[in-house]
Structures are given as C-alpha cells and as structure tokens.
Amino acid sequence: QEGLGDRLFELTYPVVDFAVPAGRPSFQTLVISQDRLPTGFVDEMMRTSTAAGDIDAVGGLRARVVSLNGEDFGEIERIELRACPVGQSGGCSQFDILFSVDDLFRRRQQTVNLNPGLRNFKDLFVGNDQVRVELVLRPGITTSRSLEARLEWAVQAVGNLD
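Residues numbered from 1 in each chain as written. Predicted model: local features only at pLDDT ≥ 70, side-chain atom pairs only at ≥ 80, totals over all residues. Heavy atoms only, no water.

(A) Representation of the packing of aromatic side chains within the structure. All chains considered together, the criterion is met by five aromatic pairs. Relative to tryptophan 153, the ring of tyrosine 13 has its centre 4.4 Å away and its plane inclined at 20 degrees; by these criteria the two rings are stacked. Of this pair, tyrosine 13 sits in strand E1 (residues 6–20) while tryptophan 153 sits in strand E8 (residues 147–159), and the two are 140 residues apart along the sequence. By relative accessible area, tryptophan 153 is classed as buried at 2%. Through pairs of rings, three or more aromatic residues link up here, namely Phe9, Tyr13, Phe41, Phe121, Phe125 and Trp153. (Phe/Tyr/Trp six-rings, centres within 6.5 Å; stacked < 30°, edge-to-face > 60°. Helix = DSSP H or I, 4+ residues; strand = E, 2+ residues; numbered from the N terminus. Buried < 20%, exposed > 50% of the residue type's maximum accessible area, 1.4 Å probe, protein only.)

(B) Representation of the state of the cysteines within the structure. Inspection of every chain in the model, using the stated rule, returns one disulfide. A sulfur-sulfur separation of 2.2 Å characterises the disulfide bridge that pairs cysteine 84 with cysteine 92. Taking the sign of the torsion about the S-S bond as the criterion, the disulfide between cysteine 84 and cysteine 92, at about -80 degrees, is left-handed. Like cysteine 92, cysteine 84 is buried. (Disulfide = S-S within 2.5 Å.)

(C) Structural detail: unusual backbone geometry. Of note, serine 49 is a non-glycine position whose phi angle comes to about 55 degrees, a positive value. Secondary-structure assignment places serine 49 in the loop between helix H1 (41–47) and strand E3 (57–67). A positive phi is found at aspartate 103, a non-glycine position, where the angle reads about 60 degrees. As for its placement among the helices and strands, aspartate 103 is situated in the loop between strand E5 (97–101) and strand E6 (111–116).

(D) Region of the structure containing the sheet that holds E6. Spatially, eight strands are ordered E1-E8-E3-E6-E5-E4-E7-E2 in an open sheet, and the strand pairing comes out antiparallel. Among the strands making up the open sheet, the edge pair consists of E1 and strand E2 (30–38). For this sheet the average axis-to-axis angle between neighbouring strands, irrespective of direction, equals 20 degrees. (Pairing = 2+ DSSP bridges. Axes fitted to C-alpha atoms, helices over the stretch in contact; angles between N-to-C directions.)

Take a look at the structure:
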C-alpha cells in the first residue's frame, strides 16, 4: 500500500434507480444522467477540517449496480459511471470515467461491482459545488427484457501521496 496516501474522507452519493427497457439495440448506449448533482465537498472538507491543499486526489471508492427485479445484467456489455462539469458540451466524454466494468455480456450477474478509474477528479469535485454524472450502459445485444436496477457509489479524497 506504499504511495497510496491516506483517505481523508469519503462521500457516499444518493442511490439512483434506473431501468433498461426491453428492445434497446446494442449499438445504442443508454445514458442515465444527473445534470446537477451536489458534490458535498465543501461541507465535508469543513466537517473534517480538510483544506483543499491537503487533498492530492479524488477518485472512485466503490460503485455497484444491483438488480431490483430479479433480472441479471447478462445482456449488458459495459457499464461506465462518468463525471464532468455541469454544462459541458455534449455531456461527459470517454475521458471522464470515474468507474467502469467491461466484459459483462452473458455473465448473468444480478450485482455488478464497478472498478474505479485512474483519473484524478480533484479539480472537478473540489472546484465545483455541482457536477454532472452519467451512468452509461452499452448492451451486448438488443435487450429482450426490462431490467430495473439501482446504482450505489462513493468517492474518496486522498492526501499525503508520495
């Protein structure tokens, strides 16, 4: 664990319920966006007596999608959670990945854990009261059944990186 720094605090965001409708073609990604999600960073920095200069990195801590209706994610190929500035033209891009998971197709999982990306989101989360967040799902085939699910996720602020 050398060089990974110290977790200064973590923030868990409200869950997001979403649906993947049946009949969604594989070439069409599904984007569930929150256009103005409060970051909560200013309050948490005050609560923990953390200065902006103490934070070296902000990134994903944990994220998962959970089926609510017993259907699995076997028809989905890839899931990404992206974060970017509010009002960014065209929404979040492939460079804004906070979490992702690949190779889900035909795995039949009802709970999918997403992997934190490598990008440092400090400037975005520390510098803004609100961010845009997009959950992006790419089907592997045309979906044959409706999936109701929930996204749960949290980020962490890290300091003392070597």
